Amino acid sequence: MTASSAQSTPAGDDARIAAILHDPARLGEIVRLGLADPLPTGSAADALRALVRHVAQECDAPAAVVGVLLDDAQHVLAAHGLDGAPHLAHGWPVEWSFCRLTLAEPSGVLAIPDTTRDARLADNPIVREEGIRAYLGAALRTSGGHVLGALCVLDVVPRHFPAEHATLLRALAREVVARVEGAAAGAA
Amino acid sequence: MRERLTAAAGASALGRIPGYDLAAPSDTDVRFALERHFGREEADDLWWEACAALGLPRDRRPLALPDVERVAAYFECQTGMLRIVGRSMLIRIRTYALLRERRGVVAAPSPPPSPAPSPAPSPAPSPDTAPEAVPPAAPTPALAADPSAS
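This write-up is about the structure you can find in this document. Please read all numbers here as calculations on a predicted model, not as lab measurements.

A closer look at a negative patch on the surface
Residue and element names in this part refer to chain B.
Part 1 of the argument: Together, E41, E42, D45 and E49 give the surface a local cluster of negative charge.
Part 2 of the argument: Secondary-structure assignment places E49 in helix 2 (residues 40-54).
Part 3 of the argument: For E49, a relative accessible area of 46% puts it in the partly exposed group.

Concerning the pairing of strand 6 (residues 147-155) of chain A
Residues and elements named next belong to chain A.
Part 1 of the argument: Of all nine residues in strand 6, nine are buried, a share of seventy percent or more.
Part 2 of the argument: As judged from the six bridges shared by strand 1 (residues 63-69) and strand 6, these two strands associate in the antiparallel manner. The partner of V66 across the bridge, within strand 6, is L151.
Part 3 of the argument: Hairpin connection from strand 5 (residues 134-141) to strand 6: five residues lie between these consecutive antiparallel strands, with G145 at a positive phi of about 95°.

So, the nonpolar core
Part 1 of the argument: Within the largest apolar cluster, 58 residues are counted, with the highest numbers of intra-cluster contacts made by A:F98, A:Y135, A:L154, B:V30, B:L34, B:V71 and B:F75.
Part 2 of the argument: Beyond its immediate chain neighbours, meaning those up to four positions away, B:V71 contacts B:V30, B:W47, B:A50, B:L54, B:L56 and B:L63.
Part 3 of the argument: With 40 residues, the next largest nonpolar core counts A:V109, A:A111, A:A134 and A:A184 among its residues.

Considerations on the sheet that holds strand 3 (residues 91-93) of chain A
Residues and elements named next belong to chain A.
Part 1 of the argument: With antiparallel pairing, six strands are arranged side by side in an open sheet as 3-2-1-6-5-4. Of all the strands in the sheet, just strand 3 and strand 4 (109-112) have a single pairing partner and so form its edges. Pairwise comparison of adjacent strand axes, ignoring direction, gives a mean angle of 25° for this sheet.
Part 2 of the argument: Here helix 3 (residues 42-58) sits on the sheet and contacts strand 1, strand 2 (73-80) and strand 6; the angle it forms with strand 2, its principal contact strand, is near 80°.

Considering the environment of B:S88
Part 1 of the argument: Mapping B:S88 onto the fold places it in helix 4 (residues 81-103).
Part 2 of the argument: Sequence separation between B:S88 and B:W47 is 41 residues; the distance between their C-alpha atoms is 16 Å.
Part 3 of the argument: Apart from the residues lying within four places of it in its own chain, the contact partners of B:S88 are A:L70, A:D71, A:D72 and A:A73.

Topic: helix 4 of chain B
Since the α-helix advances by 3.6 residues per turn, residues separated by three or four positions end up pointing in the same direction.
Part 1 of the argument: For helix 4 of chain B, with 23 residues, the first-to-last C-alpha span of 33 Å sits near the 33 Å given by 1.5 Å per residue.
Part 2 of the argument: Counted residue by residue, helix 4 of chain B has 18 buried out of 23 residues, so it is predominantly covered.

Thoughts on the pattern of salt bridges
Two side chains of opposite charge can pair, provided their charged atoms sit close to one another.
Residues and elements named next belong to chain B.
Part 1 of the argument: If you walk through the whole model with that rule in mind, you get 19 salt bridges over all chains.
Part 2 of the argument: When the shortest N-O distance is used, the salt bridge between D67 and R70 registers 3.2 Å. Pair noted here: D67 and R70 are both in helix 3 (residues 65-76), with a separation of three residues, about one helical turn.
Part 3 of the argument: The class for D67 is buried, based on a relative accessible area of 1%.
Part 4 of the argument: Across the salt bridge formed by R94 and E69, the nearest N and O atoms sit 3.5 Å from each other. Within this pair, whereas R94 is found in helix 4, its partner E69 is found in helix 3, the two being separated by 25 residues in sequence.
Part 5 of the argument: Note on R94: relative accessible area 27%, which makes it partly exposed.
Part 6 of the argument: Its relative accessible area of 4% is what places E69 among the buried residues.
Part 7 of the argument: Three or more residues joined by partner-sharing salt bridges are found here, namely R31, E35, R40 and D44.

A short note on the interface of chain B and chain A
Part 1 of the argument: Each side of the interface is counted separately: chain B has 36 residues, and chain A has 45 residues.
Part 2 of the argument: In total, chain B and chain A occlude about 3800 Å² of area from one another, counting both sides; carbon and sulfur atoms represent 60% of this.
Part 3 of the argument: If you look at where chain B meets chain A, you find five salt bridges.
Part 4 of the argument: In this structure, A:D37 and B:R83 form a salt bridge, with 2.4 Å as the shortest nitrogen-oxygen distance.
Part 5 of the argument: Between the two partners, chain B and chain A, sit 11 residue pairs in polar contact (both at pLDDT 80 or more).
Part 6 of the argument: Looking at the side of chain B that touches chain A, the elements with two or more residues in it are helix 1 (27-38) and helix 4 of chain B.
Part 7 of the argument: Per element, the largest residue contribution to the side of chain B that touches chain A is 15 residues, and it comes from helix 4 of chain B.
Part 8 of the argument: Its residues placed into classes, the side of chain B that touches chain A shows 18 nonpolar, nine polar and nine charged.

Rules and cut-offs
Residues numbered from 1 in each chain as written. Chains lettered and ligands numbered in written order. Predicted model: local features only at pLDDT ≥ 70, side-chain atom pairs only at ≥ 80, totals over all residues. Heavy atoms only, no water. Patch = residues over 30% accessible without salt bridge, like charges linked within 9 Å, V, L, I, M, F, W, Y side chains within 5 Å. Areas by Shrake-Rupley, 256 points an atom, 1.4 Å probe, with all protein chains shown as cover. Salt bridge = Lys/Arg side-chain N within 4 Å of Asp/Glu carboxyl O. Lys, Arg positive; Asp, Glu negative; His and termini not counted. Charge placed at Lys NZ, Arg CZ, Asp CG, Glu CD. Helix = DSSP H or I, 4+ residues; strand = E, 2+ residues; numbered from the N terminus. Buried < 20%, exposed > 50% of the residue type's maximum accessible area, 1.4 Å probe, protein only. Pairing = 2+ DSSP bridges. Core = buried A, V, L, I, M, F, W, Y, C linked by side-chain atoms within 4.5 Å. Contact = heavy atoms within 4.5 Å. Axes fitted to C-alpha atoms, helices over the stretch in contact; angles between N-to-C directions. Expected span 1.5 Å × (residues − 1). Buried area = accessible area lost by both parts, 1.4 Å probe. Polar contact = N/O pair within 3.5 Å; in protein donor to acceptor, adjacent residues only side chain to side chain. Nonpolar A, V, L, I, M, F, W, Y, C, P; charged D, E, K, R; others polar.

See the structure below:
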């Protein structure tokens, strides 16, 4: 298990991320799975909330999010510890999203131990204005191979995440996808 | 950000949220997103269909932010890629409105919203209707003070 923590992005990564982000097949999968719909309710919502609460507690992080990457915004499917505008708007503009960086991660896991020292996030208001200082995210990869978004934990202090946190996040990201795909199959 | 990933590049600096460099989402942004997925011609048709359904004059541009929000909400209620476009734009619009309220930003001048009633589901009214300043509010952190309460 390796979690990338690169401090800069090759110039080509932004273009690659944009291409994946706007891939019609990926977005079609999001629609098919009902992830562009209003927030889930009932037992599906309870299960996702419990999952993000669990991952935040296990990683000793103040916040955890299941984020779905739409074309121009990150949609927060479930969150624990999130407040303010991101909570009330159920998301934020995609150019602020840390999770979109997982799209360029071959391992599917991205660790950013200090967001203020990462060149990719130098102008990011989530860092500058909202004070997020550390990130660990695992891609939500469907059985069809499309990345929907990421399950992530956020912290307001710089920190190194141990390998077991990356392992946990990866496992729970698979569980999120299984739940989402199972719900879509059940609804079909 | 080396490459702007979204459509808001042409927006005026007036009305941008300080520190966030976020401009009010516009009808240009929505049409840009439509064109990205459907091409120019179909995007035009979809735009005009939405305007007709909402009682908006089809060639009236720029639209006021509440009308842009109504169009986004209309698309969110459709199927397929339109739903993605609508949901994305609504998140951007609501983020902008919430941050503007929080930061007390003076909105860019814009035409008044259309008074026409909408047959489509209407989103909550946006505060972005007049160019007057909003009293600054205390910053709200992105993370809850008590995570267990969330």
